[in-house]
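Residues per chain are reported as follows:
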Amino acid sequence: MGHNRVIISKCKTIEALYYVQNTIKNGISRNVLIHQIETNLYVRDGKAITNFETTLPPLQLDLAKEITKDPYNFDFLCLTKGYQEKELENALTDNITKFLLELGSGFAFVVRQYKLIVGGDEFRVDLLFYHIKLKCYVVVELKATEFKPEFAGKLSFYTSVVDGEIKDKNDNPTIGILICKSKNDLVVEYALKDINKPLGISQYELTEILPKEYKSSLPSIEEIEAQFEK
């Protein structure tokens, strides 16, 4: 009953139907429902540009589309102007519960900066997840810049290596998701056109960026440790 009141009070008819179906399908809590409505999930759900239609079997296709969003809402992060990809990754893993909530139902976090050794060369996957419903690994790469075509090739390479080195014989093909600061949709479409690994390209949004000079008034862990050493 609480779910119904939330939906009726906050949504239009078509949106309400979407949230009702989503609640029933995924068994989400009232608090998660409120979060989805407040972050306008209805508009963002399944909107990433993908090549899933040509790279995934029909049984996986519909569910795979549902696991993407565009844009991803990272309003729970506090970043300063000029932040780098490492800072974005650190902030997301520091807030992994909220990040998983934004990713959606079925994602299980495996590890960050997963090391891949290929022919003696070392590579690092930003974030590695496993999707319980899709029964596959999901490689998530982060870019604090505008999308470039070469990003798709690197993500395709990572999914290939995960398939070859990590995936169990009972797992489905690994999916790659690239989340960048901005993108040109037409460039993305051409970049994915001839890639045979299942990839999705999206962007993220932040509403609050702190000044570069911002620093917490509380001492850092390093500063506290230095005082103890003295």
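Placed above this text is the structure.
Residues numbered from 1 in each chain as written. Predicted model: local features only at pLDDT ≥ 70, side-chain atom pairs only at ≥ 80, totals over all residues. Heavy atoms only, no water.

## Considerations on the overall build of the protein
What the protein contains, in helices and strands, is 11 helices and 9 strands. The contacts in the protein between residues at least 6 apart in sequence include a share of 62% that link residues at least 24 apart. (Helix = DSSP H or I, 4+ residues; strand = E, 2+ residues; numbered from the N terminus. Contact = heavy atoms within 4.5 Å.)

## Quick notes on the pairing of strand S5 (residues 121–131)
In the sheet, strand S4 (residues 107–118) pairs with S5 via 10 bridges, with the strands oriented antiparallel. Following the sheet pairing, phenylalanine 107 is matched in S5 by histidine 131. Linkage of S4 to S5, two consecutive antiparallel strands, is achieved through a turn of 2 residues, within which glycine 119 is found at a positive phi near 55°. When S5 meets strand S6 (residues 136–146), the two strands line up antiparallel, connected through 5 bridges. Counterpart to leucine 127 in the pairing with S6 is valine 140. The hairpin formed by S5 and S6 contains 4 residues between the paired strands, and lysine 135 there has a positive phi angle of roughly 55°. (Pairing = 2+ DSSP bridges.)

## Considering the side chain of lysine 69
Examined against the element boundaries, lysine 69 turns out to sit in the loop between helix H6 (58–66) and strand S2 (72–73). The contacts of lysine 69, once residues within four sequence positions are left out, are Leu41, Arg44, Asp45, Gly46, Lys47, Ala48, Glu102, Leu103, Gly104 and Ser202.

## Comments concerning helix H9 (residues 149–165)
Helix length check: H9, at 17 residues, gives a terminal C-alpha distance of 25 Å against a target of 24 Å (1.5 Å per residue), a fit within 8%. Along H9, the residues classified as buried are Phe151, Ala152, Leu155, Ser156, Tyr158, Thr159, Val161, Val162 and Asp163. (Expected span 1.5 Å × (residues − 1). Buried < 20%, exposed > 50% of the residue type's maximum accessible area, 1.4 Å probe, protein only.)

## A few points about the nonpolar core
Ranked by internal contacts, the top residues of the largest apolar core, which has 29 residues, are Phe74, Leu88 and Ile175. For this core, the secondary structure elements donating two or more residues are H6, helix H7 (85–94), helix H8 (96–103), S5, S6 and strand S7 (175–182). Residue contributions to this core peak at 5 residues, all from S6. The contacts of phenylalanine 74, once residues within four sequence positions are left out, are Leu88, Leu92, Phe99, Ile179, Tyr204, Glu205 and Leu206. One finds Leu116, Val161, Leu178 and Ile195 within the second-largest nonpolar core, a separate group that totals 21 residues. (Core = buried A, V, L, I, M, F, W, Y, C linked by side-chain atoms within 4.5 Å.)

## Focus: the pattern of salt bridges
Per the stated rule, a full pass over the model turns up 7 salt bridges. A salt bridge links glutamate 102 to arginine 44, with the nearest nitrogen and oxygen atoms 2.5 Å apart. In this pair, glutamate 102 is assigned in helix H8 and arginine 44 in helix H4 (residues 41–44), connecting sequence segments 58 residues apart. Aspartate 185 is paired through a salt bridge with lysine 183; the nearest N and O atoms lie 2.6 Å apart. On the accessibility criterion, aspartate 185 (37% relative accessible area) is partly exposed. Looking at lysine 183, the relative accessible area reads 14%, which means it is buried. Among the ionic contacts, a cluster of salt bridges with common partners joins Asp70, Lys183 and Asp185. (Salt bridge = Lys/Arg side-chain N within 4 Å of Asp/Glu carboxyl O.)

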